Amino acid sequence: MARSAVRARLRRLRPRTRSGMRRAFFLPALAVGALAAPLVVPAVAAPATAPATAVAQTAGTKTAPVLAAKPYMGWSSWSLESTNFPGYGGSWLTESHVLQQADILASKLKSHGYEYVNVDAGWNVNPNTQKNVVDEYARPAADPVKFPHGMKYLGDKLHAKGLKFGVYMAVGLYIDAYNDGKSPILDAPGCTTKDIVYPDLRKTSGWDNVSYQLNFASPCTTKYIDSIAQEYADWGVDFLKIDGVGPGSNQGDEAHNNVPDIQAWHSALEKTGRPIQFILSWSLSHDKADVWKQNSNGWRIDTDVECYCDTLVTWNNSVKQRWNDVVPWIDDAGPGHWNNLDSLDVGAGPLDGLNEVERQSHMTLWAIESAPLYIGDDLTHLDPYGLSLLTNDEVIAVDQAGNPARPVSQKTPEQVWYARNADGSYTVALFNLGKGYADVTADWSELGISGKPAVRDLWSHKNLGKSAGGFTDNLPPHGSRLLRVTPDAVTGKPGVPLAVHATASTASSVSLAWQPVNTGTATTGYDVYAGGTKVASTSGTATTVTGLQAATGYSFTVVAHDSRGRQSAAGKAVPVTTPAAGGPVAYEAEASGNTLTGNASVNDCQACSGGKKVGNLGGGNGSVAVNNVAAPKDGTYLMKLDYTDGSSGRTVVVTVNGTAFQLPLPGGNDNEWGRPRTVTVPVELKAGANTIGFGNPSDYVSDIDRITL
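Attention here is on the structure that accompanies the text. (Residues numbered from 1 in each chain as written. Predicted model: local features only at pLDDT ≥ 70, side-chain atom pairs only at ≥ 80, totals over all residues. Heavy atoms only, no water.)

### Description of the packing of helix H3 (residues 95-109) against helix H4 (residues 150-160)
Packing of H3 against H4 brings their axes to within 11 Å, and their N-to-C directions diverge by 15°. In this view, H3 runs roughly parallel relative to H4, as classed from their interaxial angle. The chirality of how H3 crosses H4 is right-handed. Within the contact between the two elements, H3 uses Glu95, Val98, Leu99 and Ala102 and H4 uses Gly150, Tyr153, Leu154, Lys157 and Leu158. Tallied by class, the residues present in the contact of H3 with H4 amount to six nonpolar, one polar and two charged. (Axes fitted to C-alpha atoms, helices over the stretch in contact; angles between N-to-C directions. Helix = DSSP H or I, 4+ residues; strand = E, 2+ residues; numbered from the N terminus. Parallel < 35°, antiparallel > 145°, perpendicular 65-115°, else oblique. Left-handed = near helix turned anticlockwise from the far one by under 90°. Contact = heavy atoms within 4.5 Å. Nonpolar A, V, L, I, M, F, W, Y, C, P; charged D, E, K, R; others polar.)

### Comments concerning the environment of Trp265
Within the secondary structure layout, Trp265 lies in helix H6 (residues 259-272). Placed 105 residues apart in sequence, Trp265 and Ser370 show a C-alpha to C-alpha distance of 25 Å. For Trp265, the contacting residues outside a window of four places in its chain are Met169, Ile225, Ile228, Ala229, Tyr232, Leu240, Ile242 and Phe278.

### Topic: the environment of Ile396
Looking at where Ile396 falls in the secondary structure, it is placed in helix H12 (residues 393-400). Here Ile396 falls in the buried class, since its relative accessible area comes to 5%. Along the sequence, Ile396 and Thr380 sit 16 residues apart, while their C-alpha atoms lie 21 Å from each other. The contact partners of Ile396, leaving out residues within four places of it in the chain, are Met73, His112, Tyr114, Met363, Leu390 and Thr391. (Buried < 20%, exposed > 50% of the residue type's maximum accessible area, 1.4 Å probe, protein only.)

### A closer look at empty space enclosed by the protein
Counted under the stated rule, the structure contains three cavities of 30 Å³ or more. The calculated volume of the second largest cavity comes to roughly 90 Å³. Taken together, 13 residues form the lining of the second largest cavity, with Ser76, Asp120, Phe239, Lys241 and Tyr374 sitting closest to its centre. Taken together, the elements giving at least two residues each to the lining of the second largest cavity come down to strand S5 (164-170) and strand S9 (239-243). Each residue belonging to the lining of the second largest cavity can be placed in one class, and the counts come to seven nonpolar, three polar and three charged. (1 Å grid on protein atoms, 1.4 Å probe; cavity = no way out; pocket = protein on both sides within 12 Å on 5 of 7 lines; lining within 4 Å. Points joined across faces, edges and corners; volume = space filled by probe spheres on them.)

### A look at the packing of helix H5 (residues 219-235) against H6
Taken N-terminus to C-terminus, the directions of H5 and H6 make an angle of 45°; their axes are 9 Å apart at the nearest point. Taken as axis vectors, H5 and H6 run oblique relative to one another. Crossing hand, H5 versus H6: right-handed. Each of Thr222, Ile225, Asp226, Ile228, Ala229, Gln230, Tyr232 and Ala233 in H5 lies in contact with H6, whose residues at this interface are Ala264, Trp265, Ala268, Leu269, Lys271 and Thr272.

### Things to note about the sheet that holds strand S38 (residues 688-695)
One open sheet accounts for five strands, arranged S30-S33-S38-S35-S36; its pairing is antiparallel. Each edge of the sheet is formed by a strand with only one pairing partner; in this case those strands are strand S30 (595-598) and strand S36 (659-666). Averaged over all pairs of adjacent strands, the angle between strand axes in this sheet comes to 25°, irrespective of strand direction. Here S30 runs beside strand S33 (residues 622-631); their pairing, made up of four bridges, is antiparallel. Bridging from a neighbouring strand, Thr597 pairs with Ser623 of S33. (Pairing = 2+ DSSP bridges.)

### Focus on the state of the cysteines
Working definition of a disulfide: a covalent bond connecting the sulfur atoms of two cysteines. Counted according to the given criterion, the structure contains three disulfides. Covalent S-S linkage joins Cys191 and Cys220, the inter-sulfur distance amounting to 2.1 Å. Residues Cys191 and Cys220 are joined by a disulfide whose S-S torsion is about -65°; by sign, that bridge is left-handed. Here Cys220 lies in helix H5 and Cys191 lies in the loop between strand S6 (173-174) and strand S7 (203-204), a separation of 29 residues in the sequence. Judged by its relative accessible area of 11%, Cys191 is buried. (Disulfide = S-S within 2.5 Å.)

### Brief notes about the packing of aromatic side chains
Taken as a whole and assessed by the stated rule, the structure comprises 19 aromatic pairs. The interplanar angle of 45° and the centroid separation of 5.2 Å between the aromatic rings of Trp315 and Trp323 together place this pair among those described as tilted. One exposure class covers both Trp315 and Trp323, and it is buried. Among the aromatic residues, ring-to-ring pairing joins Tyr72, Tyr116, Phe239 and Tyr374 into one connected group. In this structure, Arg202 is placed above the aromatic ring of Tyr198, and the distance from its NZ or CZ to the ring centre is 3.8 Å. Lying over the aromatic face of Phe661, Lys411 brings its terminal NZ or CZ to 5.4 Å of the ring centre. (Phe/Tyr/Trp six-rings, centres within 6.5 Å; stacked < 30°, edge-to-face > 60°. Lys NZ or Arg CZ within 6 Å of the ring centre and 35° of its normal.)

The values reported here are purely geometric and, on their own, carry no functional implication.
Okay, here's the thing in structure tokens:
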């Protein structure tokens, strides 16, 4: 019997274990591309402040404002529906409860930018039968018990309060709407529900028990989507969330390819003429990022933040995942489409499941990533501390500026994230993601800052004076600071190139990349130096330096210049030692000379090099050590790591000759464990034979294919 998306969502977080098997929660990923160095990735160029409304212009003629010019702010019902906390859960969602939340949103939070009221899963589900309610045309309809006055009534009530109205649905055709294929499609003569799905009634969505996959080879299917979009527009809907979308939602096969759905929905919503924000969920595959950007206003980068326990969330389950999982998506965010980190559950301490330190860090990450700020708490029970977090206008301004930050490094739990703003200031966040107190230091030289910049604490609204060299604080476990750092203005030359990193090397070449300069005079090009000698020039933000010597150490710097030849200061130097003649050399993880411990095992992998990989790693009981990795001399070499990961990502602890660092690896969010992925990372090798190990004492690890150095 078909079950509702509500029950399905409550089962979404199934355990995942080991090599592609299911487990509950795992440390996820870092990497910025197939060959991008995942350990040094500072801030992208972007404006310090975003206009209230972005407007497209052509030949001096203004057009309609850009929808989702800034990340949306508001409230969503799902966190309260998902929890076992007394008084909430699946039966909590009702018209009266939504309007109660709306009253608080309008009176206490709207003046700070919160305006959307999003009704999540369950509004169209009969609580007795647990089946989806539909009208005669197979379109979602409000359950008359939960919403006795209907959804247009609710929308009108919200609009009267100056708020906006959001609804939810799962991707595909609800199984409960099929009606043996007999229901007619509105304004599509001769079309029925039989015509809009495949003859084999294949199931889609991340749950596989909610929807049939739509068949867009039939013109009836587009008519069906159009009819629902118009229904929502007639209700006054301002926001639509489609859930269970693939590739993503832990699904990746053809039956879960919902790209045609999303394209059809994008077109249908535009045809209504009503500006309706369109958001995709959950754990979307980054492999389709271009499609999501073209056809939606945002996407969930991860699984649900809710813990499905006696509170709304917990730190480990799954707030902390976001620090890793957002990184591959940072460059995809911008006006019109934003990275969605899920609900913001920081307003009511006992209900939230976080301590005050964690609540601040939760909101700090959301703000620096320009993620939508939608509260999941019961707004009638906000505590003073939670209200102070949610209404801190300096922190909200960071979020609304639309300039996502990125980490300097994720080698350790002590992390600095930053964004350089177009006005020359920096947004800098310090995080201690570890289990004990620790010093966290923002080194100004890594941010391209010289002199003594002014520092302001955005959470406390305090100016901290000027600080030379950097800023250090001893943070509690899971603690954070959020700073505005303002150096002396750069005049008469471009700003410093940031995030310079090596992406590939051969015996005679090294490839480099960096972030575009967005401060000072307008940059027209970049010059690359090796040991003070110019070795390359480019107008872009990546180049390959050729003509190098094998087995030789180099120190590369990048300088920006403007049209008048004025040069910036050099970015931070990047050391790279080229491999020996004939290199680089590949080392298979499954090679007989390597050391496998615990549950680690060699598994088949058709697309992997050699047709094999090593899996069942991590969890304190599985590792692989690649032995006899040759280096011609002591130095910093580039290691290309090929791995597979169908989850949202996992963190591997890499140990090089006894020295360890953590390396988050991004996954596909599609349960595809047979497709290799690649990151490149610098490692320190000694002359002769080296040993490089992969494991994790506390969490599971991606499957390892090979390394190349």
